[in-house]
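Chain and residue survey
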Amino acid sequence: MKKIMIIPGLLLLSFLLFSENLSLSGVDASSLLRRQRVDLYLTLTDDYGAALPQTERSDISIYESPDGENYREILDKTVVGDANLKDGIQFFMLMDNSGSMYYDMQGRATENEQATRMTQAGIAMQSFLDSIGDSRDQIALASFNTGFQLLAESSSNRGQIQQALGQIQRPQEDQAYTELYAALNRAAPLMESQRGGRKVMVVLSDGENYPFFQQKGEAHPEYGEKIFTVDEAIESLQLRGITLFAINYGTGGDPQLSRIARETGGSTFDARSSSELANVYDSIRQALLQELKISYVAGVYQSDRVWVKVVVPGDESLVRFYFNSGLFGSGEHLPLLIVLLIFLLALICWILLILIPLERHRKLPNLEMVGVGLHQRVLDLTKDRTVIGGSSDHDVTIVGGQVKDDQQAATIIYDEKTKNYTLIAQETTMVNNQEVTRKELKTGDVIKVGDSLIIFDDEATQLK
Amino acid sequence: MTSRGKFVLYALIGLLGGAASFATVDLLLRFQESFSSYLSFNLLLGASFGIMLGVFLGSAEGIVHSNRHKVLTGILVGVLVGALGGILGVHYGQSLLLSLLSRSSYQDSLPLGLSLFFRALSWSVMGILIGMVEGIRARSGIKIFYGMLGGLFGGFLGGILLELINHFSRSYALSRLLGMLVLGSLIGVFYAILERNFTPGVFRVLNGSLKGKKLALNQRKLTVGFSNRNDLALNGYNGVEKLHSVITVRGDQVQILPFRNAYTIMVNDEKVDQAVLKYHDVIAVGDARFLFEVK
């Protein structure tokens, strides 16, 4: 781990030396669907860690491939050196507020408030806020110990952050644990709602992850028996495109923090005083401002992923990919003939459904039973007398309701001379909801016997 | 037609719509790489896909009620609303899919569960927007809602099928077809569920050329007359005016009244100025007769 130099310029140099000559911190394809553009964020330095001059940036070549093997060069691209300055950086400052933050810088207990790590950290933060000035950067502030406390939501109001710093209170004994990984997990989702631009979390801690449940043997008041892991913290940050910069403050630090920082595209620093800490804050921001944003017009591919290769002078290259899955899948197709047949078949069936009448008209006068059992039944009237009753011997059998077994409820008689059907009721019978004893029927009359409905249809006779 | 018959018919029309839209999508996908941008391609893809599904689903009620005019207006509205719904559905569905994928921290291969969920979610968004077509044609809030529900479930299940079959067969060819068949048919099924379960009743035509047809009272206001513009178009019946009567539905209360005082309506063989209907009432409009019955 590198040591922080006091002179800001050298400090920046050491940071950049730690990084590779070419590092690709992000591939942003969120504008692909609307503007056909993909943005790449990369840091490009010479062998001494200094940012390459503007002229050499034009030598950066971009290639795309739908299969990771056959690449084509992208010619339509723009390289922007100050994108993070223009768009502003979203900082989330996460400060350790465990018991040890109230020791002095050498890790000794002290009664002198000004000598505590927390006070010194506050001074460094103040210095950082002053250095940001009225840039477009936004800052959120949170502290953690056993618990997690959001002190200030993301804002460009520097005074709000200063005020929030003053709210940090020395923790009681049970609050003095260092739930570092839990805090990273709690903080990451809070950056999700922030507007676009580079999202950076800076965590300052003077000790290792020291979970309440593991150390005290009692369930954590919020997390219970859950112990947050390094992998969870990495996943939570990666999921939201957040880069973590970690600062080991004073004499301590968590050995896993550098891994989390590295896997999220960030880096780790040591700081032993407020001035060193202020320099670290400043150098992180300066490094971010040196990032290049390359925007290019992407190709249109039928593949689930598209690989992007960045090649810089000296033939150093990096390959990343972005997801390109089509909503309907991609790649394979059924044979064209089959696809056309499916289309024609669907079209023909649909037209037939439109043209063919779906109801069949019967050729004989009939009675249609509604609501008798589960199925509707139709009885063609082929006899001069049709008896409706409760017996299975009757032409129409009414089951249940007020019709008793063997009871004859009504008779429909056909008059050959008049060609009419007449209903004669032996028991209470309704036709069109009117009680009747005798009624000449016409098509569409609804006979109600018991609980059953019978629709009379003589349309066939009338048509004849 | 029985409720079951309607159920099958709606599902079949949705299924045919799914098949036709699959073929359209499949043909367009063959030319995807000729487009200069995903935006232009997705606009065309969404519009074509939406039009196909919209035309079929928009015609469903007209087919069920044997009303050619309703079929025609359903097709026209299906083209317009389907195109819009398709464009929005494909755009937002695609955006959601890529957004979910890019936010996932899995760089090598996505776990099956997650890819199923992502695909299902993005198809649901697309299905919701497409499913609204018939409800907009009928200007019915509850139909829009049910169409959206059908699109949600159809999209979710269709998306899962697409991803699942592709996972095991390593081919989108068949999975795309099955996914879209499920999407279309489930939207149709939900239209049928709406008709069957969420209407206070149906009008069964008792005589004439439309004998046996059932008009589900699934809108706040329905019209009856000989004009094809009516919800129940009574062609070929004597004594029926162009717009003869209006049926209003308020919860479970169904009321019928003539469009003009001079027009005659009979309920249970008696002339009425207006009537709140009860089940098994027999209504006559001109020569046409209906039975108001439980759905």
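Refer to the structure printed above.
Here is a short report on the structure shown in this document.

What about the overall build of chain B?
Counting its regular elements, chain B contains seven helices and eleven strands. When burial is assessed residue by residue, chain B has 61% of its 295 residues classed as buried. A fraction of 60% describes how many contacts in chain B between residues 6 or more apart in sequence connect residues 24 or more apart. Carbon and sulfur atoms form 63% of the exposed surface of chain B, whose accessible area is close to 11,400 Å².

Structural notes on the overall build of chain A
On a plain count of helices and strands, chain A comes out with 13 helices and 23 strands. Considering only residue pairs separated by 6 or more positions, chain A has 60% of its internal contacts joining residues 24 or more positions apart. Carbon and sulfur atoms form 50% of the exposed surface of chain A, whose accessible area is close to 21,600 Å².

Some points on the sheet that holds strand β7 (residues 138–144) of chain A
Residues and elements named next belong to chain A. Reading across the sheet, the six strands line up as β8-β7-β6-β9-β10-β11 and stay open at both edges, with mixed pairing between neighbours. Edge positions in the open sheet fall to β8 (148–155) and β11 (268–271), since each of these has one partner strand only. On average, each strand axis in the sheet is inclined to that of its neighbour by 15°, with strand direction left out of account. With five bridges connecting them, β7 and β8 associate as antiparallel partners. Note that in β8 the partner of Ser143 across the bridge is Gln149.

A short note on the packing of helix α2 (residues 38–64) of chain B against helix α7 (residues 172–197) of chain B
All names here are of chain B. At a minimum axis separation of 11 Å, α2 and α7 run at an interaxial angle of 30°. One finds that α2 runs roughly parallel with respect to α7. The way α2 lies across α7 gives a crossing that is right-handed. On α7, the residues that touch Phe49, Leu53, Leu57 and Glu61 of α2 are Met180, Leu183, Gly184, Ile187, Gly188, Tyr191 and Glu195. Here the contact of α2 with α7 is built from residues that sort into seven nonpolar, two polar and two charged.

Topic: the interface of chain A and chain B
Contact with chain A, which involves 59 residues of that partner, is made by 84 residues of chain B. The contact between chain A and chain B buries some 6,300 Å² in all, and 61% of this surface belongs to carbon and sulfur atoms. Considering only the side of chain A, the residues that lose the most area to chain B are Leu33, Leu327 and Phe328 of chain A, jointly responsible for 15% of the buried surface there. Viewed at the interface, chain B and chain A are joined by four salt bridges. When the shortest N-O distance is used, the salt bridge between Glu368 of chain A and Lys211 of chain B registers 3.7 Å. At the junction of chain A with chain B, the criterion picks out 28 residue pairs in polar contact (both at pLDDT 80 or more). Taken together, the elements giving at least two residues each to the side of chain A that touches chain B come down to α2 (32–35), α9 (230–239), β14 (316–323), α12 (336–355), β15 (366–370), β21 (434–441), β22 (446–449) and β23 (452–457) of chain A. Looking at the side of chain A that touches chain B element by element, the count peaks at twelve residues for α12 of chain A. Partitioned by chemical class, the residues of the side of chain A that touches chain B number 28 nonpolar, 17 polar and 14 charged.

Some remarks on the pairing of strand β5 (residues 245–250) of chain B
Residues and elements named next belong to chain B. Among the six residues that make up β5, five are buried, leaving the element largely enclosed by the rest of the structure. For strand β3 (residues 221–225) and β5, the ladder comprises four bridges, and the chain directions are antiparallel. Its bridge partner being in β5, Val224 is matched across the sheet by Ser245. Across six bridges, the pairing between β5 and strand β6 (residues 253–258) is antiparallel. Pairing of Val249 across the sheet is with Val254, part of β6. Between the end of β5 and the start of β6, which pair antiparallel, lie two residues, with Gly251 showing a positive phi angle near 65°.

Topic: the pairing of strand β6 (residues 89–96) of chain A
All names here are of chain A. For β6, a buried count of eight out of eight residues is recorded, marking the element as mostly surrounded by other parts of the structure. Because side chains alternate across β6, one face comprises the buried residues Ile89, Phe91, Met93 and Met95, and the other comprises Gln90, Phe92, Leu94 and Asp96, equally buried. In the sheet, β6 pairs with strand β9 (residues 198–205) via seven bridges, with the strands oriented parallel. Paired with Met95 across the bridge in β9 is Leu204. Relative to β7, β6 runs parallel, the two being bridged by seven bridges.

Side note on the sheet that holds strand β2 (residues 214–216) of chain B
All names here are of chain B. With respect to topology, six strands assemble into an open sheet ordered β2-β1-β11-β10-β7-β8, the strand pairing being antiparallel. Pairing within the sheet leaves two strands with one partner each, and these edge strands are β2 and β8 (270–272). The mean angle between the axes of side-by-side strands here comes to 30°, regardless of whether they run parallel or antiparallel. Pairing geometry for strand β7 (residues 265–267) and strand β10 (residues 282–285), over three bridges, is antiparallel. From the neighbouring strand, Val267 faces β10, where its bridge partner is Ile283.

Here we look at the environment of Ile193 of chain B
Residue and element names in this part refer to chain B. Along the chain, Ile193 falls in helix α7. Residues Ile193 and Phe7, 186 residues apart in the sequence, show an inter-C-alpha distance of 7.4 Å. The contact partners of Ile193, leaving out residues within four places of it in the chain, are Phe7, Tyr146 and Phe198.

Points about the environment of Tyr301 of chain A
As for its position among the elements, Tyr301 of chain A is in the loop between β12 (292–297) and β13 (305–312). Tyr301 of chain A sits in the buried class, given a relative accessible area of 8%. Between the alpha carbons of Tyr301 of chain A and Gly326 of chain A there is a distance of 9.4 Å; along the sequence they are 25 residues apart. Residues in contact with Tyr301 of chain A, not counting those within four places in the same chain, are Glu64, Pro66, Arg72, Val306 and Asn324 of chain A together with Gln32, Glu33 and Tyr38 of chain B. There is a polar contact of 3.1 Å between the side chain of Tyr301 of chain A and the side chain of Arg72 of chain A.

Points about unusual backbone geometry
Although it is not a glycine, Asn433 of chain A adopts a positive phi angle of roughly 65°. Mapped onto the elements, Asn433 of chain A comes out in the loop between β20 (420–431) and β21. Of note in the backbone geometry, Asp269 of chain B takes a positive phi value of approximately 70° without being a glycine. Residue placement: Asp269 of chain B occurs in the loop between β7 and β8.

Comments concerning the nonpolar core
Among the nonpolar cores identified, the biggest contains 46 residues, and Phe328 of chain A together with Phe49, Phe56, Ile63, Trp123 and Met126 of chain B are the most heavily contacted of them. In terms of nonpolar packing, the next biggest core, distinct from the first, is built from 37 residues, Met93, Leu204, Tyr281 and Leu289 of chain A among them.

Structural notes on the pattern of salt bridges
Evaluation of the coordinates by the stated rule reveals 24 salt bridges over all chains. Here Arg30 of chain B and Asp26 of chain B are joined by a salt bridge, their closest N and O atoms 2.8 Å apart. Two residues, Glu61 of chain B and Lys70 of chain B, come together in a salt bridge whose shortest N-O distance is 3.2 Å. Judged by relative accessible area, which is 5%, Lys70 of chain B ranks as buried. A single network of salt bridges, built from pairs that share partners, joins Glu368 and Asp457 of chain A together with Arg204, Lys211, Lys214 and Glu293 of chain B.

Definitions and limits used
Residues numbered from 1 in each chain as written. Chains lettered and ligands numbered in written order. Predicted model: local features only at pLDDT ≥ 70, side-chain atom pairs only at ≥ 80, totals over all residues. Heavy atoms only, no water. Helix = DSSP H or I, 4+ residues; strand = E, 2+ residues; numbered from the N terminus. Buried < 20%, exposed > 50% of the residue type's maximum accessible area, 1.4 Å probe, protein only. Contact = heavy atoms within 4.5 Å. Areas by Shrake-Rupley, 256 points an atom, 1.4 Å probe, with all protein chains shown as cover. Pairing = 2+ DSSP bridges. Axes fitted to C-alpha atoms, helices over the stretch in contact; angles between N-to-C directions. Parallel < 35°, antiparallel > 145°, perpendicular 65-115°, else oblique. Left-handed = near helix turned anticlockwise from the far one by under 90°. Nonpolar A, V, L, I, M, F, W, Y, C, P; charged D, E, K, R; others polar. Buried area = accessible area lost by both parts, 1.4 Å probe. Salt bridge = Lys/Arg side-chain N within 4 Å of Asp/Glu carboxyl O. Polar contact = N/O pair within 3.5 Å; in protein donor to acceptor, adjacent residues only side chain to side chain. Core = buried A, V, L, I, M, F, W, Y, C linked by side-chain atoms within 4.5 Å.

That is the geometry; function is a separate question.
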